[in-house]
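Commentary on secondary and tertiary structure
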Amino acid sequence: MAADDEHADERTHLLHRGSRLGSVARDVEAASVVSSHVSKEEQALGETAVGERLPYNDYTTIDWLHDLVKDSYRHRSVHSKKGLRHVLVSAFDSCEGWIAAALIGTLTACVAFLVDVAVATISDWKTGHCRSNPFASKENCCTPRSPLDTLSDPGETCSDWIYWTDNYWSGFAIYLAFALLFGIISGTVTLTTKRALPATAPGSGDKGPVPKSVDESNDTAAKTAPSGKSMYMAAGSGIPEIKTILSGFVIPHFLDLNVLIVKAVGSVFAVSTGMCLGKEGPFVHISTCVAYLVGVRFPKYRENGRKLREILAAGCASGLSVAFGAPIGGVLFAYEEISTYFPRKVLWRAFICSLFAAMTLKALNPTGTGRLVLFETSYGTTYQPYHYPVFVLLGVAGGVFGGAFCKANFLWSRGFRKYNIIKSYPVLEVALVVVATALLQYPNPLTREPGDIIIKNLLVDCSDGSRTDYVCVQEGQASPTPRYLGWLVYGTMVKLVLTIITFGIKVPSGIIIPALDGGAFFGRLIGQVPFLAESISPGIFAMVGAGAFLAGVSRMTISLAVIMFELTGELEFILPNMIGIMVAKWTADALEREGVYDLAQTVLGHPFLDLDHAMKLVQKDAHLVEELIPPQQTMREITVDVPESGVVPRALMNEKLLQLRRRGLMDAGLVLVQKGMLQGYLAEGELEFGLETLAQTFSEGCLVRLLPVAAGAGVFAHEQELDMAHFVDRTPLTINARAPMEYAVEMFGKLGLRHLCVTEENTGRLVGVIIKKRLVVWLEGLKH
């Protein structure tokens, strides 16, 4: 009974009983509404000056500071109780993160196994089928013949693999037909994940970021709500959206189970088309979906946006771990490229997540080799100091490729995809790209295979003279033929062009494998220079070139160096990879300051605050915080003058809520002032909950209490008084209007604020409120 009384008290303390609510019956009914929506930790916060927070609206931000305090309440509640039962509960609470990480890694590996096996099988159907097992890939179906047979006929080593036809043109027609079918299937299933979202910024709609001159206070904008945008949840790599989510924004439905399934199925058929895309980026999205679905099963993560993002960041690591068989590289990738918040405990859990993913995938053995290393090589030689300029050259080429790709893809996305027929029929674009890819890649024997097979073929070492690969047969001659050199040049150029037009189409797709392909082609070409070919294996230059090209596109550095080592198993060549990667990043940054994922966020219109890039923008000129102060009209609409009694008419609050909705300011709220001095902040989500859910039992003419009764002031006896004081944050962070803009950027970036109140110099009076989206839009304006 004591425990029941304790929980009952926790459920009902938000509303004060007695004359302030009119009747006990009404109080009990309202309290039951609150208890069904608010967790115990949230209710406990209602007794403090921090203010209540409720589930957030779509496309809003989370409040990192509030969630930190909320988790502290939860932690004290769980770990402060005595007794065996509470000790066990406390121990389980401490282990939840490790258990969740292990589950995420294991489940991600299971999904990756199914995708890998399906891709290997379906992709090969474009050229033939296995006589002994129709569902076997060419690699699993083929059995090497005797050495004598291999010497007499080095071009073919398959006994059970049956090609559809021996005629070149008939084979191409079948190849194209299968590729088109796979592309249409992938595009069609991707379209099932289309969702309509609110606008990411005031007035943005589908048109991208708002220019600096546009303000949400515009009279026209105030009368009509933003149009919002449509988004295909399973399209692309998903990495730009995940970066947005992990930075504190909310993209609804992006991590749902149906998106995971469509992403996996769509990736299988998209990769099988032979287009210049990979499944590695989608694997990161898939692993984050798994992390979300696992995380919400634990109350600690389900009820706290900050904690949930910790487990999502850890889950990202398992995606790249299973994609490349690179568990350490996956952890570093999550830290370097994805997350904006990555404390040590997240690093440890990402390590566990990646570890279990690698262990499970190795046990499932989708490649049939029993190894995690995808492109294992053994060059049997090493580099010399005079090779360093060549590695630098590969880095410069990779940076030029990366910078050119980022600019060209951005222009292509903004230009070609603006046409109504492409916007209205995205599967048509997929079909056009499939046809273009088949026409350009099929004639070249080096580009006819899937992307990962291309890299594997270009990294081979032919020095022992026993290999029968096409590359080794060509390089085994006295000197490479002009035809072979032409195919290497052709492959490099085709990969660049096709990757530009492919990245961003409405199918699951990644940029990692195409970039590696382009770099491997160029590196192998450089390796054909006579004095280089005589001193070292051309495959080494292909490996360094692959890393350099990917670095130029993505701007990854440390994680990429480790990934290249884990991909090839060549510890000896970490230094050349580091040289190529670093030079590529410097070169690409000189041409285009943003990498492909940052530009994709701009194209897609997702709100994102990158602290490093934001600080570079702000430091160019002297800016003050007062530049972000909303106009007077906006401030009048979001300001509530609260009398000394602390209560205002409900009609006034309804009008304020309507004004926020008309502007689409779902991330905003109301500031409470008395005689111009800031008293608190009431977020739109809490305001909506109080007026539309909590106030169901109150009349339209009731009063709303916004500030608690002052000590010694007595109790105001109102027959109809809705108490919302516990939802008010009475300790909002403030900043001086004359403070340098760097202060505001640092506070939003490192503290994860949702809003920041601006006070006047000398007087301390409230003059403005900055929400995170407003800062993001203002920073976007500085780029132009």
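Residues numbered from 1 in each chain as written. Predicted model: local features only at pLDDT ≥ 70, side-chain atom pairs only at ≥ 80, totals over all residues. Heavy atoms only, no water.

A word on the overall build of the chain
When helices and strands are tallied, the chain shows 34 helices and 13 strands. The buried share of the chain, taken over its 784 residues, is 55%. At a minimum sequence separation of 6, the contacts of the chain that also span at least 24 residues come to 77%. Accessible surface, the chain: about 31700 Å² in total, of which carbon and sulfur atoms supply 61%. (Helix = DSSP H or I, 4+ residues; strand = E, 2+ residues; numbered from the N terminus. Buried < 20%, exposed > 50% of the residue type's maximum accessible area, 1.4 Å probe, protein only. Contact = heavy atoms within 4.5 Å. Areas by Shrake-Rupley, 256 points an atom, 1.4 Å probe, with all protein chains shown as cover.)

Quick notes on the packing of helix H15 (residues 327–338) against helix H26 (residues 558–568)
For the pair H15 and H26, interaxial distance at closest approach is 8 Å and the crossing angle is 165°. It follows from the interaxial angle that H15 and H26 lie roughly antiparallel. At the point where H15 passes H26, the crossing takes the left-handed sense. When H15 is examined against H26, the residues Pro327, Ile328, Gly329, Leu332, Phe333 and Glu336 are found in contact with a partner set consisting of Ile558, Ser559, Val562, Ile563 and Glu566. Per-class residue counts for the contact of H15 with H26 are seven nonpolar, two polar and two charged. (Axes fitted to C-alpha atoms, helices over the stretch in contact; angles between N-to-C directions. Parallel < 35°, antiparallel > 145°, perpendicular 65-115°, else oblique. Left-handed = near helix turned anticlockwise from the far one by under 90°. Nonpolar A, V, L, I, M, F, W, Y, C, P; charged D, E, K, R; others polar.)

Observations concerning the state of the cysteines
With the rule as written, the count across this model stands at two disulfides. Each sulfur in the disulfide pair Cys130 and Cys141 lies 2.1 Å from the other. Across the disulfide from Cys130 to Cys141, rotation about the S-S bond amounts to roughly 80°, and the bridge is consequently right-handed. Of this pair, Cys130 sits in strand S1 (residues 128–130) while Cys141 sits in helix H6 (residues 138–141), placing them eleven residues apart in sequence. (Disulfide = S-S within 2.5 Å.)

Overview of helix H27 (residues 574–591)
The end-to-end C-alpha distance of H27, which contains 18 residues, comes to 26 Å, matching closely the 26 Å that a straight helix rising 1.5 Å per residue would cover. Residues of H27 that are buried include every one of Pro576, Asn577, Ile579, Gly580, Ile581, Val583, Ala584, Thr587 and Ala588, and no others. Packing partners of the buried residues in H27 comprise helix H17 (388–415), helix H25 (538–554) and H26. (Expected span 1.5 Å × (residues − 1).)

A closer look at the pattern of salt bridges
Scanning the model with the defined rule gives 19 salt bridges in all. A salt bridge links Glu626 to Arg738, with the nearest nitrogen and oxygen atoms 2.7 Å apart. One end of the pair, Glu626, is in the loop between helix H29 (611–619) and helix H30 (632–638); the other, Arg738, is in the loop between strand S11 (734–736) and helix H33 (741–751), with 112 residues separating them in the sequence. Using a relative accessible area of 34% as the deciding quantity, one classes Glu626 as partly exposed. The network of salt bridges with shared partners includes Asp71, Arg74 and Asp93. (Salt bridge = Lys/Arg side-chain N within 4 Å of Asp/Glu carboxyl O.)

A word on the packing of aromatic side chains
Aromatic ring pairs are defined here through the distance separating the ring centres and the angle between the ring planes. Applying the stated criterion across every chain, the model contains 24 aromatic pairs. In textbook terms, an aromatic cluster arises when at least three aromatic residues are bridged by ring pairs, as seen for Tyr379, Tyr383, Tyr388, Phe391, Phe541 and Phe573. Looking at Arg349, its charged tip hangs above the ring of Trp98, at a distance of 5.3 Å from the centre. (Phe/Tyr/Trp six-rings, centres within 6.5 Å; stacked < 30°, edge-to-face > 60°. Lys NZ or Arg CZ within 6 Å of the ring centre and 35° of its normal.)

Observations concerning the sheet that holds strand S8 (residues 677–683)
For sheets, the rule is that strands pair by backbone hydrogen bonds, running either parallel or antiparallel. The mixed open sheet is built from three strands, whose spatial order is S5-S7-S8. Edge strands, defined here as strands with exactly one partner in the open sheet, are strand S5 (639–641) and S8. Mean inter-strand twist for the sheet, computed between neighbouring axes without regard to direction, equals 30°. Examined bridge by bridge, S5 and strand S7 (residues 669–674) share three bridges and lie parallel to one another. (Pairing = 2+ DSSP bridges.)

Remarks on helix H31 (residues 650–663)
Since the α-helix turns once every 3.6 residues, residues separated by three or four places project in the same direction. With 14 residues, H31 extends 20 Å from end C-alpha to end C-alpha; this agrees with the ideal 20 Å at 1.5 Å per step. Listing the buried residues of H31 in full gives Arg650, Met653, Lys656, Leu657, Gln659, Leu660 and Arg663.

Details of the sheet that holds strand S13 (residues 766–771)
Read from one edge to the other, the open sheet built from three strands follows the order S11-S12-S13, with strand pairing classed as mixed. Each end of this open sheet is capped by a strand with a single partner; those strands are S11 and S13. Looking at each pair of strands side by side, their axes are set apart by 30° on average, direction ignored. Sheet topology note: the S11/strand S12 (residues 755–759) ladder contains three bridges and is parallel. Each residue of the ladder has a partner; that of Thr734, found in S12, is Cys757.

What to know about the packing of H25 against H27
At a closest axis distance of 8 Å, the pairing of H25 and H27 adopts a crossing angle of 30°. As the angle between them shows, H25 and H27 are arranged roughly parallel. Relative to H27, the crossing made by H25 is right-handed. Contacts between H25 and H27 involve Met543, Val544, Gly547, Ala548, Ala551 and Gly552 on the former and, on the latter, Pro576, Asn577, Gly580, Ile581, Ala584 and Ala588. Class assignment of the residues belonging to the contact of H25 with H27 gives a composition of eight nonpolar, four polar and no charged.

With respect to the UniProt feature "transmembrane region" (unreviewed entry) in the chain
UniProt annotation of "transmembrane region" (unreviewed entry) refers to residues 98–122, 172–191, 282–299, 311–334, 386–412, 484–505 and 539–565 when read in the numbering used here. From the first C-alpha to the last, residues 484–505 spans 32 Å; its make-up is 86% helix and 0% strand. (UniProt positions renumbered as here; feature names shortened; annotations may be inferred.)

Observations concerning the pairing of S12
Burial analysis of S12 places five of its five residues in the buried class, the great majority of the element. Every second residue of S12 is oriented toward a common face, with His755, Cys757 and Thr759 on one face and Leu756 and Val758 on the other, all of them buried. Since S11 and S12 lie parallel, the crossover through H33 that links them has a hand, and here it is right-handed. As defined by bridge partners, S12 adjoins S13 across five bridges and the pair is classed as antiparallel. Looking across to S13, one finds that Thr759 is bridged to Leu766. Here S12 folds back onto S13 in antiparallel fashion, the turn holding six residues, of which Asn762 has a positive phi close to 80°. (Right-handed = clockwise from strand over helix to strand, strands pointing away.)

Details of the nonpolar core
Side chains of a nonpolar character, in soluble globular proteins, are inclined to be buried together. Judged by nonpolar contacts, the single largest core of 128 residues is most densely connected at Phe324, Phe405 and Leu516. Mapped onto the domain boundaries, this core takes at least three residues apiece from domain 1 (84–138 + 164–199 + 227–364) and domain 2 (385–608). If we ignore the near neighbours within four places in the chain, the residues touching Leu516 are Phe324, Ile455, Ala546, Gly547, Leu550, Met564 and Leu567. In terms of nonpolar packing, the next biggest core, distinct from the first, is built from 34 residues, Leu660, Tyr681, Leu707 and Val728 among them. (Core = buried A, V, L, I, M, F, W, Y, C linked by side-chain atoms within 4.5 Å. Domains from an automatic or database assignment.)

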